[in-house]
Amino acid sequence: SFENKFNSKIRISDESVIKNAASMFYGIGAISGGGATSKLLQNYPQNQRDQILDYLFLPNFGASLHMLKVEIGGDSQSTEGTEASHMHHSWDLNYNRGYEWWLMKEAKKRNPNITLYGLPWAFPGWVGNGTSSPYNYPSLTAKYVLKWVQGAKDYHNLTIDYLGIWNERAYDVEYVRLLRAVLDHAGFKNIRLVVGDGDWGPAHDVLNDPQFAAATFALGAHYPGTLSSDEAKRTGKPLWASEDFSTFNDDIGSGCWARILNRNFVDGGMTSSIAWNLVAAYYDNLPFPRCSLMTANEPWSGHYEVTGPLWMTAHTSQFALPGWYYLPVGGGSGRLPSGGSYVGLTDSNTKQLTIIFETMSHDHSECIRPSLPPYTVKPQNVTIKLAGAFASITQLYYWKSVLSYKKGDSSTYFVKQSPLQVKSGQLTLFLDVDVVVTLSTVATATKGQRSQPPPSKPFPLPYSDNFQNYQPGSNPLNLVPQAGFFEAVKLSGGASEVSAQPQALCQVVTLATLNWCPLRLTSPYTVMGNWSDISVSASVLVPSVNSTTGIFVAARIDQGGCGAFQAKGLFLWLFPASNQYAVTNDLAQTKKIKGGSFVYGYDAWVKLTLTLQSGKYTAKIGNQTVANSETLPGSTPSTGFAVVH
Ligand code: 147
């Protein structure tokens, strides 16, 4: 009886479906990068690493992602660290750096149909040719991006499907047109441009500039709050939430992702949603910890966690494929009368049908941004009438997640229920608050499960690395660069004469980068772990030519990411240029605790050691104790990274 306000009726039909580019489903994606989010994944034991990759990419198993978006590394901080560029300099080209090539290949191994999307957050300095914008010399920038897609093809046999422009920074009409022409000329007509990974602003230029419109395949906005602009809708272009989610991966993060996966289409007409980020393979003491589909940040133990957002992805990704179409709002998708939403999807032959329902309450589905206006959701019975091509369906597979906030109850994710029988094209479904339900003709879904991962363990100490076992050009596995980029290098010239071993770790970025972070990070450094009592030491050689003004080791560093420039901790510095040393409480050297002279004299190895124990510290250069104290300086954080520079 429909008098009861908690009963409602919806009609699902193919009669009003419009099969065009703007209603086509482009898939659910996730981002590796922006930046260094996958850093700790490579160092996992092979067994667990394969399991993690299966949970993310294997079809009909876990997140079963349709799209992988990766950072085109720019040698500069992009949230959790810096990612290496394939061209540190205009004359440099190396397609073996970093982990994104490897990750794309692992994704393709598991799903050859996964689409790939590349986007720069920052650029190496040479791209600006002495300026701080990538658009002053657009042909340099276009060439730089072209080299990346060519390397993907020629060295890794990877076909890039989509490219973005510059993450959350200005796009440039001239540059977009030039990039399109350069790609076409080089034989990459297949690559589609997504503009501009910020807000819906570029819609205005699409409506007014036919050449720009022709170069633009889709409009991609970040954290759109499920809404798109009227201008964006008028372009007729596919609209994407090209970065979204970024919420801690507990039940509320799952609620966020489930809600926006549906409502990005229902409210904003968006046909792809891409999660930042794919996997939390970065230390918890970096920004936005675990804002990820799953967590894998203990390569030393092999421990990982398959979390709710991964299964929320499965509710859509295992039941629809890119190339399917969304049923329009009012004709198969929409808001539910007592709160919540549903989306209908069908394949191009209108043979298959998937309907995803979500009834996320406001307080259990807030995302990190933007703020969510209040609304209410009530339990409801939904009577579903299948019409048109779907009228002959007699049974629907039924999968359900229940987010429970009752004391003592735990949430259940992606559980297969008995299939529902459809009688004369009709069925009734009870939807409680905070549930996700998929009803589908697709029979292939599974809740994948690999063997239980090993238990969590703290980072094992002592830890040391002499960098002899890395391929030259690679970044050591547990060290995460926060400014600059550190690579294993073969020593040459004078350095090799005074060194017992052939390789060392070297900071390789020598020109200021075109940054994504709002503030320039001047002092390169690389971090690991999270400790309070710790002894950090590094043997360092400072070349007499083209080298740094200061080196340091540090402990209890309280931050990385875009805020790295304001890091506090305890730092032991050596300044070869002025023959000075210093102990400071910050990276910016505004909180100086002690200092004096120390004659070092370049081109020789010197060991810096900083030891914190039971509230005391000792600082040594070589065998000489240059500072020690029975108390720690007042503004020393209680825990933090160990750092070398
Ligand atoms: C995004 C970045 O694109 C990602 O790399 C990552 O940093 C992510 C973390 O949530 O955030 O950048 C944004 C940063 C701030 C806002 C929006 C996007 N903001 O304040 O609205």
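Residues numbered from 1 in each chain as written. Predicted model: local features only at pLDDT ≥ 70, side-chain atom pairs only at ≥ 80, totals over all residues. Heavy atoms only, no water.

## Here's the deal with the overall build of the protein
Phase 1 of the analysis: Along the protein, the regular secondary structure elements total 10 helices and 34 strands.
Phase 2 of the analysis: By the compact-globule yardstick of 26 Å for 645 residues, the protein fits well, its C-alpha radius of gyration being 27 Å.
Phase 3 of the analysis: Its C-alpha atoms give the protein principal-axis dimensions of about 90 × 60 × 40 Å.
Phase 4 of the analysis: The buried share of the protein, reckoned over its 645 residues, is 59%.
Phase 5 of the analysis: Put simply, 70% of the contacts in the protein that link residues at least 6 apart link residues at least 24 apart.
Phase 6 of the analysis: For the protein, the accessible surface area stands at approximately 24,600 Å², while carbon and sulfur atoms represent 51% of it.
Phase 7 of the analysis: Across the protein, 49 positive and 47 negative side-chain charges occur, with their mean positions spaced 3 Å apart. (Helix = DSSP H or I, 4+ residues; strand = E, 2+ residues; numbered from the N terminus. Rg over C-alpha atoms; globule rule 2.2 N^0.38 Å. Buried < 20%, exposed > 50% of the residue type's maximum accessible area, 1.4 Å probe, protein only. Contact = heavy atoms within 4.5 Å. Areas by Shrake-Rupley, 256 points an atom, 1.4 Å probe, with all protein chains shown as cover. Lys, Arg positive; Asp, Glu negative; His and termini not counted. Charge placed at Lys NZ, Arg CZ, Asp CG, Glu CD.)

## Examining the packing of aromatic side chains
Phase 1 of the analysis: In total, this model carries 38 aromatic pairs according to the counting rule given.
Phase 2 of the analysis: Both rings, one in Tyr-162 and one in Phe-217, keep their centres 6.2 Å apart while their planes meet at 35 degrees; by these two values the pair is tilted. You can see Tyr-162 sitting in strand 5 (residues 162-163) and its partner Phe-217 sitting in the loop between helix 6 (210-215) and strand 7 (218-222), a full 55 residues away along the chain. The pair Tyr-162 / Phe-217 is uniform in exposure class, with both members buried.
Phase 3 of the analysis: Ring-pair connections join several aromatic residues into one group, and the members of that group are Tyr-55, Phe-61, Tyr-304, Trp-311, Phe-319, Trp-399 and Phe-414.
Phase 4 of the analysis: Positioned above the aromatic ring of Tyr-223 is the side chain of Arg-369, whose terminal nitrogen or guanidinium carbon lies 4.5 Å from the ring centre.
Phase 5 of the analysis: Lys-447 extends its terminal NZ or CZ atom over the ring of Trp-311, reaching a point 5.1 Å from the ring centre. (Phe/Tyr/Trp six-rings, centres within 6.5 Å; stacked < 30°, edge-to-face > 60°. Lys NZ or Arg CZ within 6 Å of the ring centre and 35° of its normal.)

## Concerning helix 8 (residues 251-266)
Phase 1 of the analysis: Taking 1.5 Å of rise per residue, 16 residues should cover 22 Å, and helix 8 covers 22 Å from first to last C-alpha, within 8% of that figure.
Phase 2 of the analysis: In helix 8, a bend of some 25 degrees at Ile-260 exceeds every other bend along the element.
Phase 3 of the analysis: Sitting at the head of helix 8, Asp-250 places a side-chain oxygen 3.1 Å from the backbone nitrogen of Ile-252. (Expected span 1.5 Å × (residues − 1). Bend = angle between axes of the 7 residues up to and from the residue. Polar contact = N/O pair within 3.5 Å; in protein donor to acceptor, adjacent residues only side chain to side chain.)

## A look at the confidence of the model for the protein
Phase 1 of the analysis: Chain-level statistics for the protein give a pLDDT mean of 96 and a share of 99% at 70 or above.
Phase 2 of the analysis: Taken together, the chains of this predicted complex give a pTM of 0.98 and an interface ipTM of 0.97. (pLDDT = per-residue confidence, 0-100.)

## As for the sheet that holds strand 33 (residues 624-629)
Phase 1 of the analysis: One open sheet accounts for 4 strands, arranged 26-31-32-33; its pairing is antiparallel. Two strands bound the open sheet, and with one partner strand each, they are strand 26 (534-541) and strand 33. If you compare each strand with its neighbour and ignore which way they point, the axes differ by 10 degrees on average.
Phase 2 of the analysis: When strand 32 (residues 616-621) meets strand 33, the two strands line up antiparallel, connected through 5 bridges. Looking across to strand 33, one finds that Ile-621 is bridged to Gln-624. (Pairing = 2+ DSSP bridges. Axes fitted to C-alpha atoms, helices over the stretch in contact; angles between N-to-C directions.)

## Description of the state of the cysteines
Working definition: the covalent bond between the sulfur atoms of two cysteines is a disulfide.
Phase 1 of the analysis: This model, assessed by the stated rule, comprises 2 disulfides.
Phase 2 of the analysis: The disulfide partner of Cys-256 is Cys-367, and the S-S distance across this bridge is 2.2 Å. Note on the Cys-256 and Cys-367 pair: the S-S dihedral is about 105 degrees, so by sign convention the disulfide is right-handed. Residue Cys-256 is located in helix 8, and its partner Cys-367 is located in the loop between strand 16 (353-358) and strand 17 (380-386); the two are separated by 111 residues in the primary sequence.
Phase 3 of the analysis: Assessed through its relative accessible area of 13%, Cys-367 is described here as buried. (Disulfide = S-S within 2.5 Å.)

## Comments concerning the site of the ligand
Phase 1 of the analysis: In the vicinity of the ligand, 13 residues are found, and the nearest of them are Gly-34, Thr-79, Glu-168, Glu-243 and Ser-246.
Phase 2 of the analysis: In the environment of the ligand, an oxygen atom lies 2.5 Å from a nitrogen or oxygen atom belonging to the backbone of Gly-34.
Phase 3 of the analysis: For the shell around the ligand, the class distribution of residues is 5 nonpolar, 5 polar and 3 charged. (Near = heavy atom within 4 Å. Nonpolar A, V, L, I, M, F, W, Y, C, P; charged D, E, K, R; others polar.)

## Quick word on the nonpolar core
Phase 1 of the analysis: Phe-57, Leu-68, Leu-163 and Trp-240 are the most contacted members of the largest nonpolar core, which totals 173 residues.
Phase 2 of the analysis: Residue contacts for Leu-163: discarding those within four places in its chain leaves Ile-72, Tyr-117, Gly-118, Val-145, Trp-148, Val-149, Leu-183, Ile-191, Arg-192, Leu-193 and Val-194.
Phase 3 of the analysis: Judged by nonpolar contacts, the second largest core, of 25 residues, contains Tyr-342, Ile-355, Leu-386 and Val-437. (Core = buried A, V, L, I, M, F, W, Y, C linked by side-chain atoms within 4.5 Å.)

## Quick notes on unusual backbone geometry
Phase 1 of the analysis: In this structure, the amide linkage connecting Gly-34 to the following residue, Gly-35, adopts the cis form with an omega of -10 degrees.
Phase 2 of the analysis: Mapping Gly-35 onto the fold places it in the loop between strand 2 (27-32) and helix 1 (46-57).
Phase 3 of the analysis: Residue Pro-462 is bonded to the preceding Leu-461 through a cis peptide linkage, with omega at -5 degrees.
Phase 4 of the analysis: Among the secondary structure elements, Pro-462 is positioned in the loop between strand 21 (435-440) and strand 22 (480-483).

## Comments concerning the side chain of Asn-478
Phase 1 of the analysis: Here Asn-478 is to be found in the loop between strand 21 and strand 22.
Phase 2 of the analysis: Classification of Asn-478 as buried rests on a relative accessible area of 5%.
Phase 3 of the analysis: A polar atom in the side chain of Asn-478 sits 2.8 Å from the side chain of Asn-43.
Phase 4 of the analysis: With sequence-adjacent residues up to four places away left out, Asn-478 is seen in contact with Leu-40, Asn-43, Tyr-283, Pro-299, Phe-459, Tyr-463, Val-527 and Met-528.

## Describing helix 4 (residues 173-185)
The periodicity of an α-helix, 3.6 residues per turn, causes residues three or four positions apart to be oriented the same way.
Phase 1 of the analysis: The terminal C-alpha atoms of helix 4, which comprises 13 residues, lie 18 Å apart, in line with the 18 Å expected from a rise of 1.5 Å per residue.
Phase 2 of the analysis: Considered for burial, the residues of helix 4 that qualify are Val-173, Tyr-175, Val-176, Leu-179, Arg-180 and Leu-183.
Phase 3 of the analysis: On its buried face, helix 4 is in contact with helix 3 (138-156), strand 5, strand 6 (192-198), helix 5 (202-208) and helix 6.
Phase 4 of the analysis: For helix 4, the capping residue at the N-terminal end is Asp-172, with a side-chain oxygen 3.2 Å from the backbone nitrogen of Glu-174.

## Re the sheet that holds strand 6
By definition, the strands of a sheet pair up through backbone hydrogen bonds, in either a parallel or an antiparallel sense.
Phase 1 of the analysis: Spatially, 8 strands are ordered 2-3-4-5-6-7-8-9 in a closed barrel, and the strand pairing comes out parallel.
Phase 2 of the analysis: As paired elements, strand 4 (residues 115-120) and strand 5 share 2 bridges and run parallel to each other. Residue pairing across strands places Tyr-117 opposite Tyr-162, the latter belonging to strand 5.
Phase 3 of the analysis: Contacts between helix 2 (residues 100-110) and the sheet are confined to strand 2, strand 3 (67-72) and strand 4, with strand 3 contributing the most and set at about 170 degrees to the helix.

## Points about empty space enclosed by the protein
Phase 1 of the analysis: In total, this model carries 3 cavities of 30 Å³ or more according to the counting rule given.
Phase 2 of the analysis: Lining the largest cavity are 15 residues, and of these Gly-73, Ala-84, Arg-97, Gly-98 and Glu-100 lie nearest its centre.
Phase 3 of the analysis: Considering only residue class, the lining of the largest cavity consists of 5 nonpolar, 6 polar and 4 charged. (1 Å grid on protein atoms, 1.4 Å probe; cavity = no way out; pocket = protein on both sides within 12 Å on 5 of 7 lines; lining within 4 Å. Points joined across faces, edges and corners; volume = space filled by probe spheres on them.)

## Some thoughts on the side chain of Asp-54
Phase 1 of the analysis: Inspection of the secondary structure puts Asp-54 in helix 1.
Phase 2 of the analysis: Asp-54 gets classed as buried once you look at its relative accessible area, which sits at 10%.
Phase 3 of the analysis: Of the polar contacts made by the side chain of Asp-54, one reaches the side chain of Arg-110; its length is 2.6 Å.
Phase 4 of the analysis: If we ignore the near neighbours within four places in the chain, the residues touching Asp-54 are Phe-61, Arg-110 and Arg-450.

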